[in-house]
Amino acid sequence: MLPNCFYIFNLKRINIITIKKIAELANVSAGTVDRIIHKRGQVAQETVDKVNAIIEEFGYTRNILASNLALNKKFHFAVFLPKSETLEYWKSQAEGIEKAALEFSKFGIVLDYFFYDYNLASFKETVQKVMQFDCDGLLFAPIFYDDSVRFLKEYEKKNIPVVMIDSNISEENEHAYVGQDAFQSGYLAGRLISFAVKNERQVLIFKITREIESTSVYQQRIKGFYSYFEDHNELTHFKFSEVTLKDSGIDQLSLEMFSGINSVFVPNSRAYIVADFLNKNNIKGVRIIGFDLLKENIEYLNKGVIDFLINQRPEEQGYLGINYLYKKLVLQEETERTHYIPLEIILKENYFPVRK
């Protein structure tokens, strides 16, 4: 090495400046710098300006994760969902949530679960428990539309971040949302129904509902479905009819319901009920489009009875919901409030188990 050579390190370029180094440059204590950075205590304005100028020149990024770990800080996230024991879709959501909980637990995240039976009375009872629970963030699936709107309006008083999954009822984007674009998924279903159809087509929208299918997801899918045909007025050979049955009335399915029907759109995860009836009665040539990769739906997809399933990836929704709260509260990052899950079109040819 030549004796007259020397090296200059650009602290801003390599971004390694510390509170201690800022204190040395400003000729103040590290405690004073810490108070200025965190806006605590009284510090002379001249000192504040000097420290801020150094930070501006060289750059300083607080290591939030390290601070949280040093303080052994815990973040409690409340998870407010339907019970998943008998609901395969919600079981997938819960699996995604658990995956995120395991991954982020080392950063102090603790999940507190509030499950309710899939009925309005149980939902209302659980709302009271959630309202009384102190937490840092909430993951919520707003199944019952009107009561969920009232709950969120009251919960806003807590000033706690909320992320919704499955259904977006926050029209003015007050809360975060991870899930499908329900209108777009219905619009996509309309496009799938229209493929390779030249002759007159009788389309049945088959609504097999629980007591709560006034949810925005359900209604938005149907609205999006009709909108596709409204936007393509050249498709004049499509005729539509609707049938609504409560879950308790699925034994009321009849051959007359499907007389002359060429296509069926089921705007929820119960396409397998229609498929089972058609299969048992040896009714061929009816195109069926539904939602979600439930075991029963996959069975009839692989048999060729269901033509298309639109998958909204519930496990990913659960994972990304917790991930949003992690970024928002633990990392203190600005995060997009709305994250639409890409819609997947599943046929028996591209559903992987069919290759086995």
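Quantities reported herein were computed from a predicted structural model and do not represent experimental measurements.

J.: How should the overall build of the chain be read in this particular structure?
T.: For the chain, the count of helices and strands is 13 helices and twelve strands. Counting all 356 residues of the chain, 48% fall into the buried class.

J.: Looking at this structure, I do not really get the side chain of Ser-122. What am I missing?
T.: Among the secondary structure elements, Ser-122 is positioned in helix H7 (residues 120-132). Judged by relative accessible area, which is 13%, Ser-122 ranks as buried. Excluding residues within four positions of it along the chain, Ser-122 makes contact with Tyr-116 and Asp-117.

J.: What should I look at first to understand the pairing of strand E1 (residues 75-82) in this one?
T.: The side chains of a regular strand alternate between the sheet's two faces. Within E1, seven of the eight residues are buried, which leaves the element mostly enclosed by the surrounding structure. Looking at chain direction, E1 and strand E2 (residues 109-116) are connected through eight bridges and run parallel. The partner of Phe-80 across the bridge, within E2, is Phe-114. Each parallel crossover has a hand, and the one from E1 via helix H6 (residues 88-104) to E2 is right-handed. One ladder, built from four bridges, connects E1 with strand E3 (residues 137-140); its direction is parallel. When the bridges of E3 are listed, Phe-77 appears paired with Gly-137.

J.: Just to check I follow, could you spell out the sheet that holds strand E5 (residues 176-179) for this structure?
T.: Paired through backbone hydrogen bonds, the strands of a sheet run either parallel or antiparallel to each other. Pairing in this open sheet of six strands is parallel, and the strands run E2-E1-E3-E4-E5-E11 from one edge to the other. Edge positions in the sheet fall to E2 and strand E11 (338-340), since each of these pairs with one other strand and no more. Sheet twist, expressed as the mean angle between neighbouring strand axes with direction ignored, is 15 degrees. Across the sheet, H6 is in contact with E1, E2, E3 and strand E4 (162-165); its angle to E2 comes to roughly 165 degrees. Running over the sheet, helix H8 (residues 145-155) touches E1, E3 and E4 and is turned about 175 degrees from E3.

J.: Which parts of the structure should I look at to understand the confidence of the model for the chain?
T.: Low-pLDDT stretches of the model should not have their predicted coordinates read in fine detail. Per-chain confidence: the chain averages 85 in pLDDT, with 85% of residues scoring 70 or above. Contacts of residues 1-15 to residues separated by more than four positions or lying in other chains number nine contacts, the stretch itself having pLDDT below 50.

J.: Looking at this structure, I do not really get the nonpolar core. What am I missing?
T.: Across soluble globular proteins, you tend to see nonpolar side chains buried next to one another. One finds Phe-80, Leu-138, Phe-151, Tyr-155 and Ile-322 to be the most contacted residues of the largest nonpolar core, which totals 52 residues. The element best represented in this core is helix H13 (residues 314-330), accounting for eight residues. In contact with Ile-322, other than residues within four places in its own chain, are Phe-77, Val-79, Ile-97, Ala-100, Phe-104, Leu-111 and Leu-139. One finds Ile-273, Ala-275, Val-286 and Ile-306 within the second-largest nonpolar core, a separate group that totals 26 residues.

J.: How should I be thinking about helix H9 (residues 182-194) in this particular structure?
T.: An α-helix turns once every 3.6 residues. As a result, residues three or four positions apart point the same way. The terminal C-alpha atoms of H9 lie 19 Å apart, and with 13 residues this matches the ideal 18 Å at 1.5 Å per residue to within 8%. Of all 13 residues in H9, ten are buried; the element is thus mostly enclosed. Buried within H9 are the following residues: Ala-182, Ser-185, Gly-186, Tyr-187, Leu-188, Ala-189, Gly-190, Leu-192, Ile-193 and Ser-194. Looking at where H9 begins, the residue whose side-chain oxygen comes 3.3 Å from the main-chain nitrogen of Phe-183 is Asp-181.

Thresholds applied
- Residues numbered from 1 in each chain as written.
- Predicted model: local features only at pLDDT ≥ 70, side-chain atom pairs only at ≥ 80, totals over all residues.
- Heavy atoms only, no water.
- Helix = DSSP H or I, 4+ residues; strand = E, 2+ residues; numbered from the N terminus.
- Buried < 20%, exposed > 50% of the residue type's maximum accessible area, 1.4 Å probe, protein only.
- Contact = heavy atoms within 4.5 Å.
- Pairing = 2+ DSSP bridges.
- Right-handed = clockwise from strand over helix to strand, strands pointing away.
- Axes fitted to C-alpha atoms, helices over the stretch in contact; angles between N-to-C directions.
- pLDDT = per-residue confidence, 0-100.
- Core = buried A, V, L, I, M, F, W, Y, C linked by side-chain atoms within 4.5 Å.
- Expected span 1.5 Å × (residues − 1).
- Polar contact = N/O pair within 3.5 Å; in protein donor to acceptor, adjacent residues only side chain to side chain.

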